[in-house]
Amino acid sequence: MENKAVREIFPRDAKKSYGLVELMKGASPIVRKEPEDTVYTWPNLIMIELICALLVTAALILLVQFEHAPLRSLADPSTTPNPMRAPWYFLGLQEILVYFDPWYAGVVLPGMIIVGLMIFPYVDTNPKGVGYYTYTERKFAVFNYSFGFALWWITIVIGTYLRGLDWQWYWPWSDKLAHMNPALVTLVPLHIVFVNLLHVSKDVAKGFCDVIFLGYFALGMLIPYMFMRKFYDSMGAGRYITFMIFFLSMMGVALKIVLRLLFNIKYIVVTPWINV
Amino acid sequence: MLEKMKEKVVQTQLFKSVFRHGYPDNELNQAYVVFSNIFLHIHPVKVRRTALRMRYTFCLGGITLFLFIMLAVTGIWLMFYYTPYTGLAYKNIKDIQFVIFGGNLMRDLHRFAAHGMVLFVWLHMTRVFLTGAYKAPREFNWVVGVVLLVNTLILSWTGYLLPWDQLAYWAVTVGTKMASYTPFIGQNGPWGAQLGVNPTNDLMFMMIGGTVVGQNALIRFYVLHCVVLPLVVTVFLAVHFWRIRKDGFSGPL
Ligand code: HEM
């Protein structure tokens, strides 16, 4: 060691004639610390990082031997490609545009995803499961994360492989060059379904729909509060309400996708300003 | 022989002036190398042996960081050949592809590292989630992480416009069109028109500097992509790493 300057960091206590000492393997004494199973960052961790970096570089260089960055023809404002696809990481949102109006699918929903992710640590009050992988100790949290990102990835897969001309549904074996006849599917708002089924007036039917929509959120808020009191108590009112708004919205998005794909429902609620 | 040369080199004034300690082959210098080096000092001097096991982080955060560095390097290289002008941008990319030595490699690396970064930032987030590493006292670092995630996506998307081909043009046209549907501040959004918002004063106009994607949009996206967003990411990364050390690492590290 070339550093010869010896400094006394812990001056000996003059009143005490003893010190606590333990013998253990190692090349240097550990002071004021319990014996622990540690190794030096250099070279142990640094080498792992270096190898990691080299592997990633090698993998990338290998990849670009087979796959090249695309370059289409010069930008032309007068010819719109059909179908027009966003970059893959936004294809989920583009696919959601099928099920919701743009103000929701393109603006409010992405905003809610971001805010929802940010508040997660503040509404998850379960102290268990830090520092190791576990599903059993935090089933509900893992369920929420997985459900949200399952939606995200499934819609990406749909957008990438199952959408073709005019953003219509094309199976892998369908003729990709022939336009689908959009008239085959008639989309209706939910209240029209009620008008046809129950023979009520449009306004009454719309009232039904509003009740259903608000009822979904109201019951969604109430039921866990009434019957899963432990869950509520563990969170407190503020956390509970915040969490449930995001939770019910996420479930609502999934529900709407199902309603649209299976029953061709375009809107649940229709108002003069916004439709959902 | 090599050993002797190494001895000689590390004893020189030059070496000492740069590193201020000898070669890290003994414990004192192994400690010094980490805490006296600005790049290494984000690490603790010692880590628990179990932390070297890869099956906790899978190196995902580290790979994301490495891809970001790689993007900076290849990106700066590309900047030497690229002009953010609608009349030239596309030709520049063609030149990079077909004329400039190593151009294709650099552009491909930049493109795929970008895709990789988006993928790995998500994988890293998933790792952090599944190990509960966002819980107290690390809540805020998770929030910082989400900011990084969003910035990564926007970085990738602003870069998408720069080649000025059909793919670029229409992806950004449709994407920025979404902004015009923003409630209150978008011309097509709910309560937008009622508030007097029109095509020349709404959010989309602000984003692309006009009513259609053109030269103004290109220069905006260029500056955001090459200067503003990388800086933002760097600042948030500094906070991110600082917080990992201050909050303590969650795992067996
Ligand atoms: C540019 C993007 C990012 C980079 C380069 C990055 C890098 C890192 C690195 C190197 C670590 C050390 C441990 C590891 O490798 O896993 C880490 C830890 C962490 N990251 Fe990130 N990260 C990024 C984005 C994110 C995102 C999107 C989130 C979450 C939303 C996040 C949340 C965290 C948290 C909470 C920790 C502490 C983990 C622990 O203590 O176990 N980071 N990050």
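Residues numbered from 1 in each chain as written. Chains lettered and ligands numbered in written order. Predicted model: local features only at pLDDT ≥ 70, side-chain atom pairs only at ≥ 80, totals over all residues. Heavy atoms only, no water.

## Quick notes on the domain arrangement of chain B
Once the domains are mapped, chain B shows domain 1 (1–43) and domain 2 (47–247). Between domain 1 of chain B and domain 2 of chain B, the C-alpha centre-to-centre distance is 37 Å. (Domains from an automatic or database assignment.)

## A word on the site of the ligand
All names here are of chain B. In the region of the ligand, 24 residues are neighbours, and His124, Arg127, Gly145, His240 and Ser250 sit closest. His124 places a side-chain nitrogen or oxygen 2.8 Å from a nitrogen atom of the ligand. The dominant element in the shell around the ligand, judged by the number of residues it contributes, is helix H6 (residues 103–130), at 6 residues. Partitioned by chemical class, the residues of the shell around the ligand number 14 nonpolar, 8 polar and 2 charged. (Near = heavy atom within 4 Å. Polar contact = N/O pair within 3.5 Å; in protein donor to acceptor, adjacent residues only side chain to side chain. Helix = DSSP H or I, 4+ residues; strand = E, 2+ residues; numbered from the N terminus. Nonpolar A, V, L, I, M, F, W, Y, C, P; charged D, E, K, R; others polar.)

## Concerning a nonpolar patch on the surface
Residues and elements named next belong to chain A. A contiguous nonpolar surface patch, about 640 Å² in accessible area, is contributed by Leu219, Leu222, Ile223, Met226, Phe227 and Met228. Examined against the element boundaries, Ile223 turns out to sit in helix H6 (residues 202–227). Owing to a relative accessible area of 44%, Ile223 belongs among the partly exposed residues under this scheme. (Patch = residues over 30% accessible without salt bridge, like charges linked within 9 Å, V, L, I, M, F, W, Y side chains within 5 Å. Areas by Shrake-Rupley, 256 points an atom, 1.4 Å probe, with all protein chains shown as cover. Salt bridge = Lys/Arg side-chain N within 4 Å of Asp/Glu carboxyl O. Buried < 20%, exposed > 50% of the residue type's maximum accessible area, 1.4 Å probe, protein only.)

## As for the interface of chain A and chain B
Interfaces are often described in size by the accessible area the parts lose on coming together. In this complex, chain A contributes 75 residues to the contact, which on the side of chain B involves 86 residues. Buried area between chain A and chain B, summed over both chains or domains, comes out near 7,500 Å², and the portion from carbon and sulfur atoms is 71%. It is Tyr40, Trp42 and Tyr133 of chain A in chain A that bury the most area against chain B; as a group they hold 10% of the surface buried on that side. Summed over the shared surface of chain A and chain B, the number is 1 salt bridge. The residue Asp124 of chain A makes a salt bridge to Lys135 of chain B at a minimum N-O spacing of 3.7 Å. Put simply, chain A and chain B have 28 residue pairs in polar contact (both at pLDDT 80 or more) between them. Of all the secondary structure elements, the ones that give two or more residues to the side of chain A that touches chain B are strand S1 (38–40), helix H1 (41–66), helix H3 (102–123) and helix H4 (139–161) of chain A. (Contact = heavy atoms within 4.5 Å. Buried area = accessible area lost by both parts, 1.4 Å probe.)

## Thoughts on the packing of aromatic side chains
If you walk through the whole model with that rule in mind, you get 40 aromatic pairs over all chains. On the basis of an interplanar angle of 75° and a centroid distance of 4.9 Å, the ring pair of Tyr232 of chain A and Tyr240 of chain A is categorised as edge-to-face. The burial state of Tyr232 of chain A is the same as that of Tyr240 of chain A; both residues are buried. Over the ring of Phe129 of chain B we find Arg138 of chain A, and its NZ or CZ is 5.1 Å from the ring centre. Directly above the aromatic system of Phe100 of chain A lies the positively charged group of Lys256 of chain A, at a separation of 4.5 Å from the ring centroid. (Phe/Tyr/Trp six-rings, centres within 6.5 Å; stacked < 30°, edge-to-face > 60°. Lys NZ or Arg CZ within 6 Å of the ring centre and 35° of its normal.)

## Comments concerning the nonpolar core
All names here are of chain B. Within the largest apolar cluster, 56 residues are counted, with the highest numbers of intra-cluster contacts made by Met125, Phe129, Trp142, Trp164 and Val213. Excluding residues that lie within four positions of it along the chain, Val213 makes contacts with Leu161, Trp164, Tyr169, Val172, Thr173, Thr176 and Ile208. Phe112, Leu148, Val233 and Leu237 belong to the second-largest nonpolar core, a separate cluster that totals 21 residues. (Core = buried A, V, L, I, M, F, W, Y, C linked by side-chain atoms within 4.5 Å.)

## Looking at helix H8 (residues 166–179) of chain B
With 14 residues, H8 of chain B should reach 20 Å at 1.5 Å per residue; the first-to-last C-alpha distance of 20 Å fits that figure. For H8 of chain B, a buried count of 11 out of 14 residues is recorded, marking the element as mostly surrounded by other parts of the structure. Those residues of H8 of chain B that fall on the buried side of the exposure criterion are Gln166, Leu167, Ala168, Tyr169, Trp170, Ala171, Val172, Thr173, Thr176, Met178 and Ala179 of chain B. As for H8 of chain B, its buried residues are in contact with H3 of chain A together with H6, helix H7 (139–161), helix H9 (203–208) and helix H10 (215–247) of chain B. (Expected span 1.5 Å × (residues − 1).)

## Topic: H6 of chain A
Helical geometry note: an α-helix holds 3.6 residues per turn, so side chains three or four residues apart project in the same direction. Residues and elements named next belong to chain A. Taking 1.5 Å per residue as the helical rise, H6 with its 26 residues ought to reach 38 Å, and the 36 Å between its terminal C-alpha atoms agrees with that figure. Along its length, H6 shows its largest kink, about 25°, at Gly215. Looking only at H6, the buried set comprises Ala205, Cys209, Gly220 and Pro224. On its buried side, H6 packs onto helix H5 (190–198), helix H7 (229–235) and helix H8 (237–263). (Bend = angle between axes of the 7 residues up to and from the residue.)

## Brief notes about the UniProt feature "transmembrane region" (unreviewed entry) in chain B
Residue and element names in this part refer to chain B. Mapped onto the present numbering, the UniProt feature "transmembrane region" (unreviewed entry) falls at residues 56–82, 112–130, 142–162 and 222–242. Summarising residues 112–130: 100% helix, 0% strand, and an end-to-end C-alpha distance of 27 Å. Secondary structure content for residues 142–162 is 95% helix and 0% strand, while the C-alpha to C-alpha distance between its ends is 31 Å. (UniProt positions renumbered as here; feature names shortened; annotations may be inferred.)

## Describing the side chain of Lys256 of chain A
Residues and elements named next belong to chain A. Along the chain, Lys256 falls in helix H8. Summary of buried charges: Lys256 has no salt-bridge partner, and the nearest side chain of opposite charge, Asp101, is 6.9 Å away. Apart from the residues within four sequence positions on either side, Lys256 is in contact with Tyr99, Phe100, Ile265, Lys266, Tyr267, Ile268 and Val276. (Lys, Arg positive; Asp, Glu negative; His and termini not counted.)

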